[in-house]
Structures are given as structure tokens and as C-alpha cells.
Amino acid sequence: MSVLELKRMANQLRQDIITMLLPAKSGHPGGSLSSADIVATLYFHEMRVNPQDSHWPDRDRFVLSKGHAAPVLYAALAEKGFFPKEELLGLRQTGRMLQGHPDMKKIPGVDMSTGSLGQGLSAANGMALAGKLDKKDYRVYVVMGDGEMAEGQIWEAAMAAAHFKLDNVTAILDCNGLQIDGPTEQVMSSSPLLDKWLAFGWHVIEVDGHDIEQLIAAFAEAKATKGKPTLLLAKTIKGKGISFMENQVGWHGNAPSAEQAEQALSELREEASRLG
């Protein structure tokens, strides 16, 4: 996809997020919207996947460590063709496929069940180690939240990835500055993140997490980096794309009402129109 097409896809993912949250009456819009550009770039430009064979051994792997942002992953999988888009309307409903957090046993295209924060990078490391042992050239991508940096397991995994020289791991840190209890710097400061990840032996690239061109260039740089894992330190806006949700902690885990959803979709459609 071209950069313009990726921007359109990110907008579509945002529309899908709102559309699926409305009937669910629950879910996490803020962190799903903040990572839409990242996920769109991964699934529609960067990653090697096969919707007709979700267990293809040579596929690139994706781990959504911040599993509560499942709506953005589900939207990408549906748009990619892993399952019909109609399934999105069954989000969080009893007896339906799409649970509140990703389930690798039930959802085509999900490589790791996540939701207990802090565990995603460890799982990604395991996949990457397996790839090296099997002499496979697939890459492993993991999206984490900045609030998640308070989890000790993240730092154990960061240390291990550098120790084992897992240059087939690319982690993306979605730094939207907010978590369920408020600003991350007030709840539990993890600053300075750049210095910490560098000290743990990672190659670090700072990017605007909503700039498709920067993301494409950063993923290319990660591929070219040998002997160490790469972290994209992505500055984002929680609730990106919807005026009344942007930078509002209250939208971490609350679904919109019908009126709010209509306003949100109207804004997103206007943006889609501007993109042509």
C-alpha cells in the first residue's frame, strides 16, 4: 500500500473500532485509536502474513502486549481478510469469537493470547528465539503501552532480548501518556524511557506514532539493525482522530453512546473524505 492508502486504512480501522464498540457497550477505545496508524502500517505494509493460512510457519508474528486494545487488532485482521467483518459486531458478546482480549485458540490471525499486562515481550522473545533455532527469517513485532512499563516483567524481557541478540524482534512502545488511573507520569513514572531502553542494550528509534512515513522508515531501519533488538518509541495521542476522545483519560475503557458514536464516525468520515 502507498502512504496515502495506509492513511486511509488507519482511518478505516478507527471507524471499525467505534462501530464494534457501540453494540458491545464496553471496551477500550483510547488505546486502540492511538495505535491505529502503527497497526495499519504493520499489517498492510510491513508484515508478511497469509489470511488464507493463519498458521503459515514463515509468517511474521504480532503480539499485542496491551491486550485491552484488542479492537484495533480485530479491525486489522478483519480488513486483512482473516475473518468476515461482520464478526466485529459480536465483540465481547457471549458465544461470539471476539473476546475482550485476544484469544489465539479461537481467533484466526492472533499469534498470542494477551491481556495480563507485561507479558507480551516475553512471548515475542520466545517466538524470536524459536525462529533463530529453526533458521527461519520471520520477524516478531510487539506493541506495548507506556503504562505497561511499570511491569517488572517487561524489563526482564528487555534484558533477555538484548542478551540473546534478538535482532528479529521489533517492539513498538505506544506512548500516549495516559493509563486507566491517569497520566502515566503521575501513576508511575518510567522516564527517561529512551535512556532506559538504550541502557538495556536496544537500538531505539523515536517516531511520531501517527506519521506513516516515519513508521515505514523506522521499520526498515529495524530490519537493517543486526545484533540487537529494536524499539520504536512512538509518541501518540490517546483517542486519536476523535475530537472529544483525544487526550481524555475517561476514554481508556468506556464505550461511546449511540450519539457519541455517530459524532465520532462523522468526524472520521470527514477525515476520510479529506484523504480522498
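Structure: above.
To keep things clear, this report deals only with the structure shown in the data block.

The rules behind the values
Residues numbered from 1 in each chain as written. Predicted model: local features only at pLDDT ≥ 70, side-chain atom pairs only at ≥ 80, totals over all residues. Heavy atoms only, no water. Helix = DSSP H or I, 4+ residues; strand = E, 2+ residues; numbered from the N terminus. Polar contact = N/O pair within 3.5 Å; in protein donor to acceptor, adjacent residues only side chain to side chain. Contact = heavy atoms within 4.5 Å. Axes fitted to C-alpha atoms, helices over the stretch in contact; angles between N-to-C directions. Left-handed = near helix turned anticlockwise from the far one by under 90°. Nonpolar A, V, L, I, M, F, W, Y, C, P; charged D, E, K, R; others polar. Phe/Tyr/Trp six-rings, centres within 6.5 Å; stacked < 30°, edge-to-face > 60°. Buried < 20%, exposed > 50% of the residue type's maximum accessible area, 1.4 Å probe, protein only. Lys NZ or Arg CZ within 6 Å of the ring centre and 35° of its normal. Salt bridge = Lys/Arg side-chain N within 4 Å of Asp/Glu carboxyl O. Pairing = 2+ DSSP bridges. Core = buried A, V, L, I, M, F, W, Y, C linked by side-chain atoms within 4.5 Å.

Further remarks concern the side chain of Asp174. Structurally, the position occupied by Asp174 is in strand β3 (residues 169-175). At a separation of 2.4 Å, a polar atom in the side chain of Asp174 contacts the side chain of Thr236. The contacts of Asp174, once residues within four sequence positions are left out, are Gly31, Ser34, Ser35, Lys66, Met144, Gly145, Asp146, Ala234 and Thr236.

Where helix α1 (residues 3-24) meets helix α4 (residues 70-80), the closest approach of the two axes is 9 Å, and the angle between their N-to-C directions is 115°. Once α1 is placed against α4, the crossing between them reads as right-handed. Residue-level inspection shows Met9, Gln12, Leu13, Asp16, Ile17, Met20 and Leu21 of α1 in contact with α4, the latter providing Pro71, Val72, Tyr74, Ala75, Ala76 and Glu79. Looking at the contact of α1 with α4 residue by residue, the class counts come to 10 nonpolar, one polar and two charged.

A separate point is the packing of aromatic side chains. Enumeration over the complete set of coordinates arrives at six aromatic pairs. Seen in terms of ring centroids, Tyr43 and Phe62 are 5.5 Å apart; in terms of plane orientation they differ by 70°. Their pairing is edge-to-face. Placement of Tyr43 in helix α3 (residues 36-46) and of Phe62 in strand β1 (residues 61-64) is noted, with a sequence separation of 19 residues between them. On the basis of relative accessible area, Tyr43 is assigned to the buried category, the value being 2%. Taking relative accessible area as the criterion, Phe62 reaches 2% and is therefore assigned buried. Through a chain of ring-to-ring contacts, the aromatic side chains of Trp155, Trp197, Phe200 and Trp202 assemble into a single cluster. Between the NZ or CZ atom of Arg61 and the centre of the ring of Tyr138, over which it lies, the distance is 3.8 Å.

Of all 11 residues that make up α3, 10 are buried, and the element is covered over most of its length. Turning to α3, its buried residues number three or more, namely Ala36, Asp37, Ile38, Val39, Ala40, Thr41, Leu42, Tyr43, Phe44 and Glu46.

What follows deals with the pattern of salt bridges. On inspection of all chains with the given rule, the structure shows 12 salt bridges. With a closest N to O distance of 3.3 Å, Lys85 and Asp16 form a salt bridge. Note that Lys85 is positioned in the loop between α4 and α5 (120-133) and Asp16 in helix α1, a separation of 69 residues in sequence. Residue class for Lys85 comes out partly exposed when judged on its relative accessible area of 36%. Look at Asp16 and you get buried, because its relative accessible area is 5%.

With that out of the way, let us pick up the side chain of Asp16. Engagement of the side chain of Asp16 in a polar contact is seen with the side chain of Lys85, the distance being 3.3 Å. In contact with Asp16, other than residues within four places in its own chain, are Ala75, Glu79, Lys85 and Leu88.

Sheet strands pair via backbone hydrogen bonds, and the direction of the pair is either parallel or antiparallel. Strands sit in the order β1-β2-β3-β7-β6 across an open sheet of five strands; the sheet is parallel. Taken across any chain shown, the strands that pair with only one partner, and hence form the sheet edges, are β1 and β6 (203-208). The mean inter-strand angle of the sheet, taken between neighbouring strand axes irrespective of direction, is 20°. Across six bridges, β3 lies against strand β7 (residues 230-235) in parallel orientation.

With that out of the way, let us pick up the nonpolar core. With 57 residues, the main nonpolar core has Leu42, Tyr43, Phe62, Tyr74, Phe83 and Ile172 as its most contacted residues. Sorting elements by how many residues they give to this core places α1 first, with nine residues. With near-sequence residues (within four places) excluded, Leu42 lies in contact with Met47, Phe62, Tyr141, Val143, Ile172 and Phe219. Ranked by size, the runner-up nonpolar core spans 27 residues in total, among them Val63, Met127, Ala128 and Leu173.

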